[in-house]
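Here is what each chain is made of, one letter per residue.
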Amino acid sequence: MPGIDESLLEAMRLPGARGASLVDWISGLALGAVGEAPGGDPEATAAETAELARHIAESGSLAPAGEAPPEQEPPVEDMIVTTADSYHLLRFVSTPFDSTVFLHLWLDRNDGNLALARIRLAEMADRLVLG
């Protein structure tokens, strides 16, 4: 099973990948990062995306219909943010303990394949071994 570095390098092999990171949404720290970062600062990007992820993860309104929000997992699997020239895909990583991390993949909009990236990032999150 791959660890953080291997998973991020695998993400960078996706068509159009510009950067990838694993971020803790509680602390806002990047646990690992490869490639470029929007704005050029991977730590600032991690902190800013963590704010968005924390809001989503703690939102009870996004829980599956008719269910209470899960105790250990965010109510969503992933989130896609589009800009004029890129896609940002945030994939929450489920772990046996209190999961507070997500994978952030930054894709070029012209060269990236969002559907493929979403599938592969889900597979990477399922295989990821933290520690």
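Scroll up to find the structure.
Reading guide: rules and limits
Residues numbered from 1 in each chain as written. Predicted model: local features only at pLDDT ≥ 70, side-chain atom pairs only at ≥ 80, totals over all residues. Heavy atoms only, no water. Salt bridge = Lys/Arg side-chain N within 4 Å of Asp/Glu carboxyl O. Helix = DSSP H or I, 4+ residues; strand = E, 2+ residues; numbered from the N terminus. Buried < 20%, exposed > 50% of the residue type's maximum accessible area, 1.4 Å probe, protein only. Pairing = 2+ DSSP bridges. Axes fitted to C-alpha atoms, helices over the stretch in contact; angles between N-to-C directions. Contact = heavy atoms within 4.5 Å. Parallel < 35°, antiparallel > 145°, perpendicular 65-115°, else oblique. Nonpolar A, V, L, I, M, F, W, Y, C, P; charged D, E, K, R; others polar. Core = buried A, V, L, I, M, F, W, Y, C linked by side-chain atoms within 4.5 Å. Expected span 1.5 Å × (residues − 1). Polar contact = N/O pair within 3.5 Å; in protein donor to acceptor, adjacent residues only side chain to side chain. Phe/Tyr/Trp six-rings, centres within 6.5 Å; stacked < 30°, edge-to-face > 60°.

(A) Representation of the pattern of salt bridges in the model. A full pass over the atoms with the stated rule returns 7 salt bridges. In this structure, Arg-54 engages Glu-51 in a salt bridge whose closest nitrogen and oxygen atoms are separated by 2.4 Å. Residue Arg-54 and its partner Glu-51 are located together in helix α2 (residues 42-57), separated by 3 residues, close to a single helical turn. Judged by its relative accessible area of 18%, Arg-54 is buried. The partly exposed category is assigned to Glu-51, whose relative accessible area is 48%. A single network of salt bridges, built from pairs that share partners, joins Glu-77, Asp-78, Arg-91 and Arg-118.

(B) Just the sheet that holds strand β5 (residues 101-108), in detail. The strand order across the open sheet formed by 5 strands is β2-β1-β5-β4-β3, and the pairing between neighbours is antiparallel. Strand pairing shows two members of the sheet lacking a second neighbour, β2 (30-35) and β3 (78-82), which therefore form its edges. Strand-to-strand twist in this sheet, taken as the mean axis angle between neighbours without regard to direction, amounts to 15 degrees. Two elements, β3 and strand β4 (residues 86-93), share 5 bridges in a ladder whose sense is antiparallel. Across the sheet, Thr-82 pairs through a bridge with Tyr-87, a residue of β4. Packing against the sheet, helix α1 (residues 4-12) makes contact with β1 (17-24), β2 and β5, and its axis sits at approximately 150 degrees to β1.

(C) Looking closely at the packing of α1 against helix α3 (residues 114-127). Between α1 and α3, the least distance of the axes is 10 Å, while the angle of their chain directions is 170 degrees. Considering their axes alone, α1 and α3 lie roughly antiparallel with respect to each other. Residues Ser-7, Glu-10 and Ala-11 of α1 touch α3, and the partners they reach there are Leu-121, Met-124 and Arg-127. Classifying every residue of the contact of α1 with α3 by side-chain character gives 3 nonpolar, 1 polar and 2 charged.

(D) How the structure looks around the nonpolar core. Grouped together as the largest cluster of nonpolar side chains are 19 residues, with contacts concentrated most on Val-93, Leu-103, Leu-105 and Leu-121. Elements with a contribution of two residues or more to this core: α1, β1, β4, β5 and α3. Discounting chain neighbours no more than four positions away, the residues touching Leu-121 are Ala-11, Leu-89, Arg-91, Leu-103 and Leu-105. If you look at the next biggest cluster of nonpolar residues, it comprises 13 residues, including Trp-25, Ala-50, Ala-57 and Met-79.

(E) Summary view of α2. In this model α2 runs 21 Å from its N-terminal to its C-terminal C-alpha over 16 residues, within 8% of the 22 Å that 1.5 Å per residue would give. Of the positions making up α2, those classed as buried are Thr-45, Ala-46, Thr-49, Ala-50, Ala-53, Arg-54, Ile-56 and Ala-57. Looking at the packing, one finds that the buried side of α2 touches β1, β2, β3, β4 and β5. Between a side-chain oxygen at the N-terminus of α2 and the backbone nitrogen of Glu-43 the separation is 3.1 Å; the capping residue is Asp-41.

(F) A look at the packing of aromatic side chains. One pass over the structure, following the stated rule, counts 1 aromatic pair. Ring centres of Phe-92 and Phe-102 lie 6.2 Å apart, and the angle between their planes is 55 degrees; this geometry places the pair in the tilted category. In this pair, Phe-92 is assigned in strand β4 and Phe-102 in strand β5, connecting sequence segments 10 residues apart. Accessibility expressed as a relative area gives 5% for Phe-92, which makes it buried.

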